[in-house]
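The lines below spell out each chain.
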Amino acid sequence: MATETQTGLSDHVRGVTVTTLACLTGIGAALASGAVVGLGTTPVSEAATNQQTLAVLGAFVLAQFPLLRVVGVDVGDFGVKDYIYVVFMTFTLWFISYGILLTSGVQL
């Protein structure tokens, strides 16, 4: 109705915000993983199999949800598909970025 006020973000802005934050968090997780492993000082085969990188990725995934609340996204409305989407997008960008860091010989 015309007398109701809209609260929160529109569906489009909410989707763009969630996607952008998930992608940026994935790239940040890749950089943090490289810093934890010590890219440049550790052999690539050892850095690629280090389990600590997955812990860093998990921490970055979990850190997103409070950030989404701060930005104004109502995380309480998230369903299973929304959580899977956030985890998938974060993992995908982490995987691509970390793979590029491993193969390019970057020192962090």
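The structure this text deals with has already been given above.
Residues numbered from 1 in each chain as written. Predicted model: local features only at pLDDT ≥ 70, side-chain atom pairs only at ≥ 80, totals over all residues. Heavy atoms only, no water.

Enquirer: Please give an account of the pattern of salt bridges that cites residues and values.
Expert: Overall, the coordinates contain one salt bridge when judged by the stated rule. Asp82 is the salt-bridge partner of Arg14, the closest N and O atoms lying 3.8 Å from each other. With Arg14 in helix α1 (residues 11-37) and Asp82 in helix α4 (residues 80-104), this residue pair connects regions lying 68 residues apart in the sequence. What makes Arg14 partly exposed here is its relative accessible area of 23%. Assessed through its relative accessible area of 26%, Asp82 is described here as partly exposed. (Salt bridge = Lys/Arg side-chain N within 4 Å of Asp/Glu carboxyl O. Helix = DSSP H or I, 4+ residues; strand = E, 2+ residues; numbered from the N terminus. Buried < 20%, exposed > 50% of the residue type's maximum accessible area, 1.4 Å probe, protein only.)

Enquirer: Give a description of helix α3 (residues 52-71) that names residues and reports values.
Expert: Because an α-helix packs 3.6 residues into every turn, residues spaced three or four apart end up facing the same way. The terminal C-alpha atoms of α3 lie 29 Å apart, and with 20 residues this matches the ideal 28 Å at 1.5 Å per residue to within 8%. Buried residues in α3 make contact with α1, α2 (44-48) and α4. In the stretch just after α3, Gly72 is the one whose phi turns positive, near 120 degrees. (Expected span 1.5 Å × (residues − 1). Contact = heavy atoms within 4.5 Å.)

Enquirer: Residue-level account of the nonpolar core, with values.
Expert: Formed by 19 residues in total, the largest nonpolar core has its most connected members in Val18, Ala47, Phe65, Leu68, Phe78, Trp94 and Tyr98. Those elements that provide at least two residues to this core are α1, α3 and α4. Residue contacts for Trp94: discarding those within four places in its chain leaves Gly26, Ala29, Ala30, Ser33, Thr53, Leu54, Leu57 and Gly99. (Core = buried A, V, L, I, M, F, W, Y, C linked by side-chain atoms within 4.5 Å.)

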